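Geometric and topological summary
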Amino acid sequence: MMEMLSFEFVRYSLICGILSGVITGILSTVVVLRKMEFIGNGVAHAAFGGLALGLLLNLNLNLMAMITALAFALGVGYFSERGKVTENTAIGLMMPFSMALGVVFLSLIKGYTPDLMSYFFGNMLLVKKEDAILLSLMTLCVSIFFIVFNREILYYTFDETMSKHYGVPVNFVKYSMLILISLVIVASVKIIGIILVTSMLVAPAAISRLFSRRFKTMVLNSILMNVLSVLIGITWAYYLNVPPGPAIVITLFSMFVLISMFKRIRA
Amino acid sequence: MVDEENERKEIAIRVEDLSYEVNGLTILKGVSFTLHRGEFIGIIGPNGAGKSTLVKIIVGELRGWEGKVEIFGKIGYVPQISDLDRSFPITVEEVVMMGLYPERGVFRRYRKEDVEKVRRIMDEIGIYDAKNRLIGEISGGEYQRAMLARALVSNPDILILDEPEAGVDEMGKATFYRLLDRLRERRNMAVMMVSHDIGMVFNKCDSVMCLNKTMHCHKDTRSIVPEDLSTIFPQDFDIFIKSMKHFEREHKR
């Protein structure tokens, strides 16, 4: 273990993995309970449109990805509210639209067009100090938001209509959640990759809801599941010399299967 | 029409010439009525008659209507039973606590006395023992009583119930309505109930409103005649009358 930690790239990948685990663990509770499991893939793919526009106009790609994520979050919020569709349907509408725009933008670029898809498959072993700082800031923002508005988030997630009736600032919570989720996804995709982001946004809450009886404990258990999967996944990936991202995804899925089986046997 | 005695009672809800349209389709037209404190009004009508729309307008969920709606006092609202995620991690007590949110708002946490108040109401409603159970684990009857507790926790002057009998077995319904009788006596609330359980409406309510987009009648329950109902249930009227034991019994007297 100490030998493994003596490498800087392993330390950074562990730190970024744990930070991503905490941040996506918190958000996954809302993603799963609001049945928005599609959002991870949705935002990441929608960012393709912004990246392509960035390439076409020679703008900062990270900034363009963030702006696209923001626009995506606002669009999902607007269509799910005014268009009377579910959030998942709004995501399904916006994602191909943004990707289609991306393809059009790319086709307008003259000469060499770089492979944008590599952007979606981040590598945990290549993370840098700046990535860790960015993830730390995002973890702080999301944690503060959840601590301050935990009651409002619970009510909005449980019953949106009656929350409005009781004066809960539903639109503020809804848009804030969508914006935070979208920004976290875009920031994390570059570092840990689309597959791991999707898994970390869905699996921990799916596991913890099997045994959590309170919203707060579900959030804490989701964080715990993600952090455990990062520690276990990176460790066995290091010793078997396999990529850490897929190792974490396999660990999370195995945890879900084992806990489901344990619950069934106990029942 | 409404009892003259009511004129002396305190008004809780006054609706005048209320109309509501969606994309040119009439949902409600020219509905007018007054509900007083202590009075129990039952609203009946076929599916699509605009009963739930009327409730949503009164509780402030719908906008874009025409006419006049005046509310005198605080409303407690028990909505129609919705599709519930049975594994949602929220306890019965937390759901009832939601009713106190308007009194606390965003940055003010619930206090010890809020918890005590919620538990007192839950005890009164008979769901205290279920306080730590998940909302999805309780029976239909208990769920409906939890919704009632949530509506009552802010001490409303007006209680509005939208099909409270839906998804509740006969025993649960009987308990619920007995409870409602007791609460009305104690709290002098105005109660407005939309229901498909017409027998129960005739048994429990002081007045009945027959609604089918327009208001066909609003009468003291004892003065309702079969013809009043035939206007809102023209097609199924014969079958309907046969199945209404309560109604027939009342009218044979």
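Below is a short write-up of the structure. The model shown is predicted, which means the values in this text are computed figures rather than measured ones.

All right, on to unusual backbone geometry then. Of all residues except glycine, most have a negative phi; of all peptide bonds, most are trans. All names here are of chain B. The backbone of Asp17 sits at a positive phi, close to 50°, despite the residue not being glycine. Residue position: Asp17 is located in strand S1 (residues 11-22). Here Asp17 falls in the exposed class, since its relative accessible area comes to 51%. The phi torsion at Asn155 lies on the positive side, around 50°, for a residue other than glycine. The residue Asn155 is located in the loop between helix H5 (140-152) and strand S6 (158-162) in this model. The class of Asn155 is partly exposed, set by a relative accessible area of 41%.

The next subject is the packing of aromatic side chains. Scanning the model with the defined rule gives twelve aromatic pairs over all chains in all. Relative to Phe149(A), the ring of Phe145(A) has its centre 5.2 Å away and its plane inclined at 45°; by these criteria the two rings are tilted. By the burial criterion, Phe145(A) is buried, and Phe149(A) matches it. On the basis of an interplanar angle of 85° and a centroid distance of 5.8 Å, the ring pair of Phe176(B) and Tyr177(B) is categorised as edge-to-face. Here a set of aromatic residues connected by ring pairs shows up, and it is made of Phe145(A), Phe146(A), Phe149(A), Phe172(A) and Phe107(B).

Moving on, we come to the pattern of salt bridges. For the coordinates displayed, the defined rule picks out 21 salt bridges over all chains. For the salt bridge of Glu160(A) with Lys174(A), the shortest nitrogen-to-oxygen distance reads 3.7 Å. On the criterion of sequence distance, the pair formed by Glu160(A) in helix H8 (residues 160-165) and Lys174(A) in helix H9 (residues 170-192) is long-range, its members being 14 residues apart. In terms of burial, Glu160(A) and Lys174(A) fall into one category: buried. Salt-bridge contacts for Asp206(B) lead to Arg184(B); the nearest nitrogen and oxygen are separated by 2.9 Å. Of the two residues, Asp206(B) is situated in the loop between helix H7 (198-204) and strand S8 (207-212) and Arg184(B) in helix H6 (residues 170-187); the sequence distance between them amounts to 22 residues. Salt bridges sharing partners connect three or more residues here, namely Arg34(A), Glu87(A), Glu160(A) and Lys174(A).

Parameters at a glance
- All chains use their own residue numbering, which begins from 1 and follows the written sequence.
- Chain letters start at A and ligand numbers start at 1, both assigned in the order the entries are written.
- Selection of residues for local features in this predicted model requires a pLDDT of at least 70, selection of side-chain atom pairs for listing and counting requires 80 or more, and totals for whole chains, interfaces and linings are taken over all residues.
- Excluding hydrogens and water, the side-chain values take into account all heavy atoms of the structure.
- Runs of E in the DSSP output that reach at least two residues are strands. Runs of H or I that reach at least four are helices, and both are numbered from the N terminus.
- For the exposure calls, accessible area comes from a 1.4 Å probe over protein chains only, and a residue counts as buried if that area is under 20% of its type's maximum, exposed if over 50%, partly exposed in between.
- Planes of paired rings set the category: under 30 degrees apart is stacked, over 60 is edge-to-face and the rest tilted, where pairs are Phe, Tyr or Trp rings (Trp by its six-membered ring) whose centres lie within 6.5 Å.
- When a carboxyl oxygen of Asp or Glu is within 4 Å of a side-chain nitrogen of Lys or Arg, the pair counts as a salt bridge.

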